[in-house]
Amino acid sequence: MGTHIIDGRIISADIKAGLEKEIRAIKEKHGITPGLAVVLVGNDPASEVYVKMKVRSCEQIGLYSRKILMDDKAGQKELLEKIDELNQDPKIHGILVQHPMPSHIDENKIFSRIDPAKDVDGFNPISAGQLMIGIEGLKPCTPYGVLKMLEATGIDPAGQHVVVLGRSNIVGKPVAMMLLQKAAGADATVTICHSRTRNLAEITSRADILIAAIGRPEFVGPEMVKKGAVVIDVGTNRVDDPSSEKGYKLVGDVDFEAVSPKCKAISPSPGGVGPMTIAMLLHNTVTACKRIHGLE
Ligand code: NAP
């Protein structure tokens, strides 16, 4: 049996088509357009691309979007004031401040200031706490996208051994926590690994589902993967590529060519978790709008 390639572009297109219909219905029935504000501080080229993609995706499905560009010299106070303003803005239901922020900004202070009702990135400590105890809140987009991908592929994590490579607050920890929940689409036995983990390959090769989120180009080789495993590659890394026009290409944390023949299913990068992250951001904005206006 061949390896199933989990195509995030197809799965996310389905989600976006559903959202487009839902947004149209909300507009027609209630005269409300769900709105997302995306704030970018500085001019990191990768972040600029992500912000552009997010805004374009909003436009495609009929969401209102507002791009706010702030100089990289903008201080913490200025950014906090902008968030306060967006927290009060009735046209805005979701607020996203693009990560990573310049080093003089304390990201945790910024995430904490976003109204949890509008916290579509799910990085506010209240959202993180809700995720931890398994109550309703807005879930971080990349981990949420990983779970949706598994669901759409018919892979039930219940009782399976999931190994998560990486323990960041953005991906590793929340995806592990979501899969650990006593709930449909979760119920996994979860192991989290990081840069201090000993015998990494021994642990990862026991995974039924391996999720790689370490930011190391093509780090995961076939010796780290069990035959018949499901592999989800969250990594998005720029590597030099003189043959490409841009001078670089994007690769995941998994050596796709070498690992894919061993897998039952694998998500590539690019073309896997990336598009799912955007779809879940749009989903969260619609959800936030419905909750704020009591439409659920
Ligand atoms: P991060 O904050 O840099 O965290 C990386 C994690 O990986 C850390 O926990 C680190 O361990 C661990 N790690 C690093 N090298 C390792 C090694 N050799 N062995 C074991 N663990 C190792 O990164 P992140 O924000 O979670 O992002 C991870 C990757 O996902 C990046 O490539 C990023 O671009 C990508 N990403 C993609 C999306 C998307 O939408 N597709 C979204 C977010 C992130 P320590 O904690 O011990 O340092």
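Read on for a plain summary of the structure. (Residues numbered from 1 in each chain as written. Predicted model: local features only at pLDDT ≥ 70, side-chain atom pairs only at ≥ 80, totals over all residues. Heavy atoms only, no water.)

Residues His 99 and Pro 100 are joined by a peptide bond in cis, for which omega reads 0 degrees. Positionally, Pro 100 belongs in the loop between strand E4 (94-97) and helix H4 (107-113). Residues Ser 269 and Pro 270 are joined by a peptide bond in cis, for which omega reads 5 degrees. As for its placement among the helices and strands, Pro 270 is situated in the loop between strand E11 (265-267) and helix H10 (273-292). Phi is positive for Asn 199, which is not a glycine, with a value near 50 degrees. Structurally, Asn 199 can be placed in the loop between strand E6 (189-193) and helix H8 (200-204). Its identity as a non-glycine residue notwithstanding, Glu 218 has a phi of 50 degrees, on the positive side. Within the secondary structure, Glu 218 sits in the loop between strand E7 (209-212) and strand E8 (230-233). For Glu 218, a relative accessible area of 40% translates into the label partly exposed. (Helix = DSSP H or I, 4+ residues; strand = E, 2+ residues; numbered from the N terminus. Buried < 20%, exposed > 50% of the residue type's maximum accessible area, 1.4 Å probe, protein only.)

Lining the immediate environment of the ligand, one finds 19 residues, of which Arg 167, Ser 168, Ser 195, Thr 236 and Thr 277 sit closest. One of the side-chain nitrogen or oxygen atoms of Ser 195 is found 2.5 Å away from an oxygen atom of the ligand. One nitrogen or oxygen atom from the side chain of Arg 216 is found 3.2 Å from a nitrogen atom belonging to the ligand. Looking at the shell around the ligand, its residues break down into six nonpolar, 11 polar and two charged. (Near = heavy atom within 4 Å. Polar contact = N/O pair within 3.5 Å; in protein donor to acceptor, adjacent residues only side chain to side chain. Nonpolar A, V, L, I, M, F, W, Y, C, P; charged D, E, K, R; others polar.)

In this model, the second largest pocket occupies a volume close to 400 Å³. Lining the second largest pocket we find 23 residues, and of these Lys 139, Leu 147, Met 178, Ala 183 and Ala 184 sit closest to its centre. Sorting elements by how many residues they give to the lining of the second largest pocket places helix H6 (residues 141-152) first, with five residues. A breakdown of the residues in the lining of the second largest pocket according to their chemical character gives 12 nonpolar, six polar and five charged. (1 Å grid on protein atoms, 1.4 Å probe; cavity = no way out; pocket = protein on both sides within 12 Å on 5 of 7 lines; lining within 4 Å. Points joined across faces, edges and corners; volume = space filled by probe spheres on them.)

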